[in-house]
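Observations on the model geometry
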Amino acid sequence: MNFFIDLSDKRNNYIANSLSNIGHNVNKLNFEKGKVGDIFIFSPAKKFTDDEVQSFPSDTIVFGGNLTDDIRLNFNKKNINYINIMKNENFVVKNAKLTAEGVLSLLINSTEKSIYENKILIMGSGRVGLAIASLFNKLNLSTDLAIFHNDKFAVASFYCNNVVFENELKNALKSYDVVINTVPFKILSESHLENIKENSVILEIASVNCLEKDLLNDKIKYILAPALPQAYSAKSAAKIMLECVMNQLKDLKQNKEFKNNMFNK
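Residues numbered from 1 in each chain as written. Predicted model: local features only at pLDDT ≥ 70, side-chain atom pairs only at ≥ 80, totals over all residues. Heavy atoms only, no water.

1. Examining helix 3 (residues 69-77)
Helical geometry: 3.6 residues make up each α-helical turn, so side chains three or four residues apart lie on a common side. Where helix 3 is concerned, the buried positions are Ile71, Asn74 and Phe75. Around the axis of helix 3, the buried residues are gathered within 100° of arc, so they sit on the same side. Exposed side of helix 3, more than 90 degrees from the buried face: Asp69, Asp70, Asn76 and Lys77 are the residues found there. Close packing links the buried residues of helix 3 with helix 2 (50-55), strand 4 (61-64) and strand 5 (81-84). Downstream of helix 3 by a residue or two, Asn79 has a phi angle that is positive, lying close to 55°. (Buried < 20%, exposed > 50% of the residue type's maximum accessible area, 1.4 Å probe, protein only. Helix = DSSP H or I, 4+ residues; strand = E, 2+ residues; numbered from the N terminus. Arc of directions from axis to C-beta. Contact = heavy atoms within 4.5 Å.)

Quick look at the structure:
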């Protein structure tokens, strides 16, 4: 059983070194050399193409992030066990905390004001949004949360000064120096952007932009900030990712049906 690792992601370089140090056979990504039972590791942000899926050897194990339905079906056709580490709650929570640290660094460097002078709005009350709000709350920053599901009000209210509901967002935007988006949807329409405070900053953390870029104007500083754990804390991010991978492999080996089908071929 060999590990093949996509080293284009900084985290994966640390993972490769760690696996090698504990005695595993580790190789940089090479589809042609893979065989039954081998393991391929990618960034959770990796987006696979149909051609890439066809390049994988059948009956292998692949670690990555979220898939489209079509790509998942193609993996299944090749009897590839695809493991989405973004479904692992322990990994997602720890990764959200690292993302929050990256956001703090971005915040410090993206405005000419002290972080204590900025009024901040976090859009989204998922794990990442709450992790950012929790960190900012500990620092006593002026932070509000915009929620898009009213049933999140009770939880969100513990982590911020004020909760902004979706129908209040357009009018509320004029109050904030910094807007941090964690929701992977287009939220901000042209009318929203018209209300944004002049010289404000939007930090885009989500995998899908919250606005159409052609609607932007000179009064808004829009910063794309994907994969923050890789950028700001790659070694720590690799540690929690490797922990997830090894725990998943341990579970697979303990699964008798899987063991008979995969590891004994």
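That covers the picture; the talk isn't over yet.
2. Regarding a negative patch on the surface
A cluster of acidic residues, Asp50, Asp51, Asp69 and Asp70, forms a negative patch on the protein surface. Counting residues per element, the ones that place at least two in the negative patch are helix 2 and helix 3. Along the chain, Asp50 falls in helix 2. (Patch = residues over 30% accessible without salt bridge, like charges linked within 9 Å, V, L, I, M, F, W, Y side chains within 5 Å. Areas by Shrake-Rupley, 256 points an atom, 1.4 Å probe, with all protein chains shown as cover. Salt bridge = Lys/Arg side-chain N within 4 Å of Asp/Glu carboxyl O. Lys, Arg positive; Asp, Glu negative; His and termini not counted. Charge placed at Lys NZ, Arg CZ, Asp CG, Glu CD.)

3. Overview of the sheet that holds strand 9 (residues 178-181)
If you trace the 6 strands from one edge of the open sheet to the other, you get 8-7-6-9-10-11, paired in parallel fashion. In this open sheet, the two edge strands, each paired with only one partner strand, are strand 8 (162-164) and strand 11 (220-224). Across the sheet, the axes of successive neighbouring strands diverge by a mean angle of 20°, strand direction being ignored. Pairing of strand 6 (residues 119-123) with strand 7 (residues 142-146), which is carried by 5 bridges, proceeds in the parallel orientation. Opposite Ile122, over in strand 7, you have Leu145 as the bridge partner. The sheet strands contacting helix 5 (residues 127-138) are strand 6, strand 7 and strand 9, and the helix crosses strand 6 at an angle near 155°. (Pairing = 2+ DSSP bridges. Axes fitted to C-alpha atoms, helices over the stretch in contact; angles between N-to-C directions.)

4. Focus: the sheet that holds strand 2 (residues 26-28)
Taken together, 5 strands build an open sheet; the order of strands is 2-1-3-4-5 and the sheet is parallel. In this open sheet, the two edge strands, each paired with only one partner strand, are strand 2 and strand 5. Here the strands of the sheet are splayed against their neighbours by 20° on average, with no regard to which way each runs. In the sheet, strand 3 (residues 39-41) pairs with strand 4 via 3 bridges, with the strands oriented parallel. Residue pairing in the sheet places Ile41 in a bridge with Phe63 of strand 4.

5. Here we look at helix 10 (residues 234-254)
Relative to the 30 Å expected for 21 residues at 1.5 Å per residue, helix 10 spans 30 Å between its end C-alpha atoms, a close match to the ideal helical length. Considered for burial, the residues of helix 10 that qualify are Ala234, Ala237, Ala238, Ile240, Met241, Leu242, Cys244, Val245, Gln248, Leu249 and Leu252. (Expected span 1.5 Å × (residues − 1).)

6. Things to note about the pairing of strand 4
Because side chains alternate across strand 4, one face comprises the buried residues Ile61 and Phe63, and the other comprises Val62 and Gly64, equally buried. Crossover connection from strand 3 via helix 2 to parallel strand 4: handedness right-handed. Summarising the sheet, strand 4 and strand 5 pair through 4 bridges and their orientation is parallel. Across the sheet, Ile61 pairs through a bridge with Asn81, a residue of strand 5. You can see the chain leave strand 4, run along helix 3 and come back into strand 5, and the turn it takes is right-handed. (Right-handed = clockwise from strand over helix to strand, strands pointing away.)

Structural measurements only, silent on function.
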